[in-house]
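What follows is each chain in one-letter form.
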Amino acid sequence: MGNINSKGIKDNTYDAIVIGSGISGGWAAKELCEHGIKTLVLERGRNVRHLIDYPTMAKDPWDFPHRNELTLKVKEENPIVSKCYAFREDAMQFFAKDKEHPYIQEKPFDWIRGYQVGGKSLIWARQTQRWSKYDFEGPARDGFAVDWPIRYEDLAPWYSHVEKFVGISGNKDGLETLPDGEFLPPWEMNVVEKSMQKRIMDNYKDRNVIIGRCAHLTQPKEIHLEQVRGQCQARNLCQRGCPFGGYFSSNSSTLPWAAKTGNLTLRPDSVVHSIIYDDKKNMATGVRVIDAHTKVITEYFAKIIFVNAAALNSNLILLNSTSTRFPNGLGNDNGLLGKYVAFQNYRGTLNASMDSFLDSYYYGRRPCAVMMPNFRNVYKQEMDFLRGYMVFFSAYRGGWEHAVAGDQMGETFKQAETEPGNWGVSMMMQGETIPKETNRVSLSKNKKDEWGIPLLSIDVAYDDNDVKSLKDFLIQGAEMLDKAGCKNITSNDSKQAPGLDIHEVGGVRMGKDTKTSLLNKWNQLHECPNVFVTDGACMTSTGTQNPSITFMALTARAANYAVEELKKGNLN
Amino acid sequence: MAIILPAAIVSPDMIFSSCKSAVKDEYFTEENIKLLDEIGETIIPATSTSPGAKAAQIGQFMKVYVTDCYTPDEQSTFWYGINKIKEISSNKYKNQFPKLTLLQKKEILQKFEKDAQEYAKNKKKSTSASGDAVQTGKGNQEAMNEYGGHFYPMVKELTLFGFFTSQPGATKALRYIQTPGSYKGDVPYKEGDKVWAT
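Residues numbered from 1 in each chain as written. Chains lettered and ligands numbered in written order. Predicted model: local features only at pLDDT ≥ 70, side-chain atom pairs only at ≥ 80, totals over all residues.

Asker: So what exactly am I meant to see when it comes to the sheet that holds strand S7 (residues 264–267) of chain A here?
Answerer: Strand pairing in a sheet takes place through backbone hydrogen bonds and is either antiparallel or parallel in direction. Residues and elements named next belong to chain A. The mixed open sheet is built from six strands, whose spatial order is S7-S2-S1-S11-S24-S23. Here the strands that pair on one side only, and so sit at the sheet edges, are S7 and strand S23 (524–525). Direction of pairing for S23 relative to strand S24 (residues 528–533): antiparallel, over a ladder of two bridges. Its bridge partner lying in S24, glutamine 524 is registered against phenylalanine 532. (Pairing = 2+ DSSP bridges. Helix = DSSP H or I, 4+ residues; strand = E, 2+ residues; numbered from the N terminus.)

Okay, structure coming up:
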């Protein structure tokens, strides 16, 4: 180190470095900065400032030359990300493009990424449900993964902590299988959904139908107004960035909050190459960064490092952080880094129609659906497959594209198309998948990206368990729709590749045993405790819930622990 | 081509020219855009309560959408059909489509609407027997998948989509509110109330 300009080192030294500015990185930054920790946040993509950099937020359908559809050129250049429901003319700017960011698919895997300040928090689906105690106990009870080193009680206060700040709408349903949180007023069900709720719950004593819980300010509180965020306006144009700050994103919430403390340094266009490990000090000392444009390499130093690059990229960075001590990747003594990746099973969908209720309609665009907490294998293993699935459904009236009988052109036809059609219902699953050693990511031995970093090679697939779970959902879904009074029920297996769920997790899993896991109960690498991994990479199992709120709670918990440990002098 | 029509009106020249590959920009001449406006207006006419497809500049919209979003094969199918409409107009009605009476315009389009339905029905029957049972233009599989291989569903869909996402269509024929402000799950509906545009 003798030859390095000490002033340079001093200028590039912080108390903490956070790799990634997405939903969990933003939380790490907020918590650390609030505690007076000088924090550098590294983001590989460009800066996206709240409001200023949302060019499409106020546009009407006719302002888009292709009315929000993709051009052939965009589709051809982006065969993978084009499959994503939110990758459309209005929000394309917030997705990583296939051509610019290649990776290797050992088996089909649609990797959807958001490379900008805010990451995927700008474009996420915003559904937020707590895990239950059954989700944390599941892996040990059913023996399909290592035991979680924490339980619901460990995380519950941190769920509350993040929920109050984020702003979560929801109904207090009092369910053990999906614990209530710190809720703002819930969204309403429409008349058809209410009718279905009653009929399904009358028919199935083990099943609950509740309104979705989501990160939307239905009634902002003081803490949200302090963030200069206002009430959700039911536009459902969220993926463009919200002019009202109605939904939670790093850009609208945690990052500006962290910046207000004066302790935040945000550095966009900073591609992290690896974490620097000092063999003499036996700890990580910093991060090697490549400027996205000039390709100049700079090293930044800190006492603690939070890895929040999004699940698979956090794996990539750790695998690429090699040293004499860790030739196979940082903290990877047991060779399990990159393994036990899991995701969620979205393959099953059902559609149906519902007669009557034609004297009712709705106003506004609700940003969530009705949902049913998992009812399979909850209290004990009872099916011929492991775990279960969450069910989502919503009812709507046909739009202008609905088929009409009679004249197919002219005045009568136009009149018919301008009135709402009958009610339809769509239903989908969000299934838990089982983490397996064979579902893994690794570094390509010979292919590198534009920045000289090895490409990530992804080897992840469904298994028989997923197919059994899917089949069960399709049967149960059809039966529930039937009992709810629906007609014309059709089911579909999209066979979509893993990845398109955008709920990939694992590879750096938490656990009690250093031989079978990478992280301890505080999200520290067992073998390098000043490195914390708190994004999806840390997950031991997937649950059936939308994952982001759990990443946020885990991050806030770990960051507060890190601050305490720093104060005690345990991490430096 | 993939279209089932009475033999008399399918000329070999037409088949050849329509299968030639991507459409050139000059296909969207002012005259053709005017023709597309007239076709669109026949499907979605101006009425006493709201403007029609012409007011939404449907021809101009089709130019942008077909040029940028259609595959070369889909574009060929599209132009094959448009030329067909022109041909019938001049051969059977002895005039250009825009100059025909509304009844004549409808007669032509209704014929294609029916053809397309028949075509879709036949295709369903025959594709199960052999993937290639239906004659398709070279490499026209893509177009078939999305539009059923017949040009008319394309024209109809472009008209409906272009109109209802346009300002006059969304705000005058339908109800459009960019910022509703809230969500209400049970609002009384009475017949004649418009559908939400988005």
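Asker: How should the pairing of S24 of chain A be read in this particular structure?
Answerer: Consecutive side chains of a regular strand alternate in pointing toward one face of the sheet and then the other. All names here are of chain A. Counting buried positions along S24 yields six of six residues, so the element is predominantly enclosed. Judged from the three bridges that link them, strand S11 (residues 304–307) and S24 form a sheet pairing that is parallel. Bridge pairing links isoleucine 305 to valine 531 in S24. The turn joining S23 and S24, which pair antiparallel and follow one another in sequence, is formed by two residues. (Buried ≥ 20, exposed ≤ 12 C-beta atoms within 10 Å, placed from the backbone.)

Asker: Looking at this model, I keep getting lost on the confidence of the model for chain A. Mind explaining?
Answerer: Where the model shows low pLDDT, its predicted coordinates should not be examined in detail. Of all residues in chain A, 99% attain a pLDDT of 70 or more, and the chain-wide mean is 97. Long-range and interchain partners of residues 1–5 of chain A, a stretch whose pLDDT sits below 50, account for one contact in this model, where long-range means more than four residues apart. (pLDDT = per-residue confidence, 0-100. Contact = placed C-beta atoms within 7 Å.)

Asker: What exactly am I supposed to notice about the pairing of strand S17 (residues 389–397) of chain A here?
Answerer: All names here are of chain A. Among the nine residues of S17, eight are classified as buried, and the element is accordingly described as predominantly covered. Relative to S17, strand S16 (residues 370–372) runs antiparallel, the two sharing three bridges. Across the sheet, the residue bridging to methionine 372 is valine 391, located in S17. Looking at chain direction, S17 and strand S18 (residues 423–432) are connected through nine bridges and run antiparallel. Residue pairing for S18: methionine 390 is matched across the bridge by glutamine 430.

Asker: Please clarify how the interface of chain B and chain A should be interpreted in this entry.
Answerer: Interfaces are frequently sized by the accessible area removed from exposure as the parts join. With 40 residues of chain B at the interface, the matching set in chain A holds 38 residues. Among the elements of the structure, helix H2 (30–43), helix H3 (58–69), helix H5 (102–129), helix H7 (151–164), helix H8 (167–173) and strand S1 (184–188) of chain B are those that each provide at least two residues to the side of chain B that touches chain A. Tallying contributions element by element places S1 of chain B first for the side of chain B that touches chain A, with five residues. Of the residues contributing to the side of chain B that touches chain A, the split by class is 20 nonpolar, 13 polar and seven charged. Bridge analysis of strand S15 (residues 360–363) of chain A against S1 of chain B gives three bridges, and the strand direction is antiparallel. Each residue of the ladder has a partner; that of serine 360 of chain A, found in S1 of chain B, is proline 188 of chain B. (Nonpolar A, V, L, I, M, F, W, Y, C, P; charged D, E, K, R; others polar.)

Asker: Would you explain the nonpolar core in this entry?
Answerer: Side chains of nonpolar character tend, in soluble globular proteins, to be buried together. Formed by 160 residues in total, the largest nonpolar core has its most connected members in Ile17, Ile19, Val162, Ile305, Val307 and Val531 of chain A. A per-element tally of this core places helix H12 (residues 548–568) of chain A first, with 10 residues. Apart from the residues within four sequence positions on either side, valine 162 of chain A is in contact with Trp27, Ile549, Met552, Ala553 and Ala556 of chain A. With 41 residues, the next largest nonpolar core counts Phe61, Cys69, Ala170 and Leu174 of chain B among its residues. (Core = buried A, V, L, I, M, F, W, Y, C linked by C-beta atoms within 7 Å.)

Asker: How do you make sense of helix H4 (residues 133–142) of chain A when you look at a structure like this?
Answerer: Residues spaced three or four apart along an α-helix point in a common direction, a consequence of the helix completing one turn every 3.6 residues. Residues and elements named next belong to chain A. Residues of H4 that are buried include every one of Tyr134, Asp135, Phe136, Gly138 and Pro139, and no others. Buried residues along H4 sit in contact with helix H5 (152–166). Positive phi shows up at glycine 143, right after H4, with a value of about 70 degrees.

Asker: Can you walk me through unusual backbone geometry in this structure?
Answerer: Negative phi is the rule for most residues except glycine; trans is the rule for most peptide bonds. All names here are of chain A. For asparagine 236, which is not glycine, the phi torsion reads 55 degrees and is therefore positive. The residue asparagine 236 is located in the loop between helix H7 (222–226) and helix H8 (250–260) in this model. Residue class for asparagine 236 comes out partly exposed when judged on the 17 C-beta atoms lying within 10 Å of it. Not every positive phi belongs to a glycine, and lysine 495 is a case in point at roughly 55 degrees. Inspection of the secondary structure assignment puts lysine 495 in the loop between strand S21 (487–493) and strand S22 (505–507). For lysine 495, a count of 9 C-beta atoms within 10 Å puts it in the exposed group.

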